[in-house]
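Remarks on the overall topology
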Amino acid sequence: MLHELLPLSTNEFIAGIEAVAPRFDSATYPQRNLPADDWTLLTKAGVLLPTLPKEFGGRDSHIEMCRVVETLSEWNLPLGMYVTIVSAVALRPIVLWAGEQARQEVLPHYAGGDPMIAGFASTEPGCGSAMSAMTTTFEEVPGGYRIRGRKHWQAFSLSAQWWLVSAKNDGHGRREYGYFIVKRSEGFRTLQTYEPLGLKIIDYGLNEIDAVVPRHRRIAADGGSLRPMAEMLMASRSMMAAMGTGFLRRVSREAHAYAARRRIGPGPQSAIRFVQYRLAAIDASYAICAALNHHLQTDLDMKGAMLGAFPAVHAIKTVATERMLSAAHHYQQLVGGEGYRAGSPTNISAQAFLDARVYTIFDGTNDLLSQQLTEWCLARTAGRPLSRFLAEWPPTASAVRACRLDLGFLDQPLGQEHLVLAGRAIAYLFTAGQVMRWTTETGADPVRSRAAIEFLKADITCVQTEFGLLAAGVLRPVDGLDHGRGEGTEDGGAAPGAAPSAAGVLFSRSVPVTTEA
């Protein structure tokens, strides 16, 4: 037990994380799976303690969960994801919904500073984004449950000692879903390792499960739908704001420094007007993520149920990850050819771009989450045009008023392609409102905030332009078929990360239940 960390104030505790984090600086840290000794260094610094209840030796703090991930992500973005997966994806459901016997069996292992890792196994080969089509099954056997199937793209495929595994049972004339805590030694083995382009510190693979677990290790969750999986993923999706804030703080700082010292003719690169534009775009992305992170820390709570925050979490995930990738691309463009060099001594832009690239894909592709966000809103319009609903809905109303936006282009029959685009516009509106709130409540630089809002308004205008492209007939059926309403690719846009997306289109009006691998 890390007793000495428990009496510390939040700032004192985070100072300890800040002291360890530079050890993992992505400019110098090897691009390889995280060694057990380094994970031990982090666990002894207490990175998992905010997730754990106090009765299990933890600090039990939503704010500290966010700040730990933000701090680590500034030095090493994949490390922020590493901790998020263990804490917010794997351990959080055990903390919240496992029975007391299972909690007593598992949680003390993660409070002692030992290099213990937990993962979430749900994504499957061939299942794609339709998690209702998963083939991993469970059945009752004497003393517990037998779980059999294959999973892939699990973070920590080779290294996790404990797993939270999803499975289904189609017996007795009805479908039932279950979530089980499985010890690796009980029958979880890795058949093949996967090599990701980025996030090298996390090990991935193809896994086979044939395990019998005791009855008390089934998570208490409604077995009739995939709704509990949606709840399980709310925390990790919202944590994208914390990761983005730390990551973009560094990208902004280093991009400005690089442009100031690089000479282009008689002056610095930073004197070039379009370079200034790229720097402004990076700064706007940082401000946007900081505003979303403020909302995460002040309005959301990973220590309790989060499904009620469904629209906010979808907006956070899609906008924060877009901004991470956009800023990383601007940074790489500023650096030029040197930004394509792995391990460059002058910048980290090549690795930053590779690491940020996957964020728009995993934990639910942004396209899928945007569609779900639109459907959630449409289900609540009560006959009003969508533009009027957004003008009256508290999370977007302030932005509609302040930005004087005409959203009439949303008031038309919406095909699947429109649902995705409309969801982006809704997320940008939500975010503009959060930038305004963040500025008021924190005293953030109003000039930078105004620039962030202008970029978000431009994003909404871009969505309107894309609606115009659709109206102009840029889409054509292929072989007489409409392929626009599928459930994802074979591997669902294979999400090399924490888990599949929420249990499909929970608030769907027009498309099948889908999830994302």
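Residues numbered from 1 in each chain as written. Predicted model: local features only at pLDDT ≥ 70, side-chain atom pairs only at ≥ 80, totals over all residues. Heavy atoms only, no water.

What to know about the overall build of the protein chain
Broken down by element type, the protein chain carries 15 helices and nine strands. Principal axes of the C-alpha set define a box for the protein chain whose edges measure 75 × 55 × 45 Å. Counted over contacts in the protein chain with a minimum sequence separation of 6, partners at least 24 positions apart contribute 77%. Of the roughly 19,600 Å² of accessible surface on the protein chain, a fraction of 53% belongs to carbon and sulfur atoms. When the 50 positive and 51 negative side-chain charges of the protein chain are each reduced to one mean point, those points stand 3 Å apart. (Helix = DSSP H or I, 4+ residues; strand = E, 2+ residues; numbered from the N terminus. Contact = heavy atoms within 4.5 Å. Areas by Shrake-Rupley, 256 points an atom, 1.4 Å probe, with all protein chains shown as cover. Lys, Arg positive; Asp, Glu negative; His and termini not counted. Charge placed at Lys NZ, Arg CZ, Asp CG, Glu CD.)

Some words on the pairing of strand 1 (residues 118-121)
Where burial is concerned, the two faces of strand 1 agree: the one with A118 and F120 and the one with G119 and A121 are both buried. Pairing of strand 1 with strand 4 (residues 162-169), which is carried by four bridges, proceeds in the parallel orientation. Residue A118 lies in a different strand from strand 4, and its bridge partner there is W162. (Buried < 20%, exposed > 50% of the residue type's maximum accessible area, 1.4 Å probe, protein only. Pairing = 2+ DSSP bridges.)

Comments concerning the environment of F188
Checked against the element boundaries, F188 lands in strand 6 (residues 188-194). Along the sequence, F188 and G149 sit 39 residues apart, while their C-alpha atoms lie 9.9 Å from each other. Setting aside chain neighbours within four positions, we find F188 in contact with A121, S157, W163, N207, E208 and I209.

A word on the pairing of strand 4
Within strand 4, eight of the eight residues are buried, which leaves it mostly tucked inside the rest of the structure. Across the two faces of strand 4 the burial is the same, with W162, L164, S166 and K168 and W163, V165, A167 and N169 all buried. Relative to strand 5 (residues 176-183), strand 4 runs antiparallel, the two sharing eight bridges. The partner of N169 across the bridge, within strand 5, is E176. Hairpin connection, strand 4 to strand 5: the antiparallel pair is bridged by six residues, and H172 has positive phi, about 60°.

A short note on the nonpolar core
Residues W39, Y82, Y359 and L390 are the most contacted members of the largest nonpolar core, which totals 169 residues. Top contributing element to this core by residue count: helix 9 (residues 310-335), with 14 residues. If we ignore the near neighbours within four places in the chain, the residues touching Y82 are L34, W39, I117, F156, I201 and I202. (Core = buried A, V, L, I, M, F, W, Y, C linked by side-chain atoms within 4.5 Å.)

Some remarks on helix 2 (residues 36-45)
Every buried residue of helix 2 is accounted for by D38, W39, T40, L42, T43 and A45. In this structure, the buried side of helix 2 is in contact with helix 1 (10-20), helix 3 (62-75) and helix 4 (77-97). Following helix 2 by one or two positions, G46 adopts a phi angle in the positive range, close to 100°.

What to know about a nonpolar patch on the surface
Together, I264, I272, F274 and Y277 make up an exposed nonpolar region whose accessible area comes to about 360 Å². Residue I272 is classed as partly exposed on the basis of its relative accessible area of 36%. (Patch = residues over 30% accessible without salt bridge, like charges linked within 9 Å, V, L, I, M, F, W, Y side chains within 5 Å. Salt bridge = Lys/Arg side-chain N within 4 Å of Asp/Glu carboxyl O.)

A word on empty space enclosed by the protein
To find leftover empty space, one rolls a probe the size of a water molecule over the atoms. This model, assessed by the stated rule, comprises three cavities of 30 Å³ or more. As for the largest cavity, its lining consists of 13 residues, and the residues nearest its centre are S26, L77, F247, I348 and A352. Listed by contribution, the elements that provide at least two residues to the lining of the largest cavity are helix 3, helix 4, helix 7 (240-261) and helix 10 (349-357). Of the residues assigned to the lining of the largest cavity, the class counts are six nonpolar, four polar and three charged. (1 Å grid on protein atoms, 1.4 Å probe; cavity = no way out; pocket = protein on both sides within 12 Å on 5 of 7 lines; lining within 4 Å. Points joined across faces, edges and corners; volume = space filled by probe spheres on them. Nonpolar A, V, L, I, M, F, W, Y, C, P; charged D, E, K, R; others polar.)

Some points on the packing of helix 13 (residues 394-403) against helix 14 (residues 416-442)
Packing of helix 13 against helix 14 leaves a shortest axis separation of 7 Å and a crossing angle of 80°. Taken together, helix 13 and helix 14 sit at an angle that is classed as roughly perpendicular. Here helix 13 contributes P395, T396, S398, A399, V400 and A402 to the contact with helix 14, which in turn contributes I426, L429, F430, A432, G433 and M436. Class assignment for the residues of the contact of helix 13 with helix 14 results in nine nonpolar, three polar and no charged. (Axes fitted to C-alpha atoms, helices over the stretch in contact; angles between N-to-C directions. Parallel < 35°, antiparallel > 145°, perpendicular 65-115°, else oblique.)

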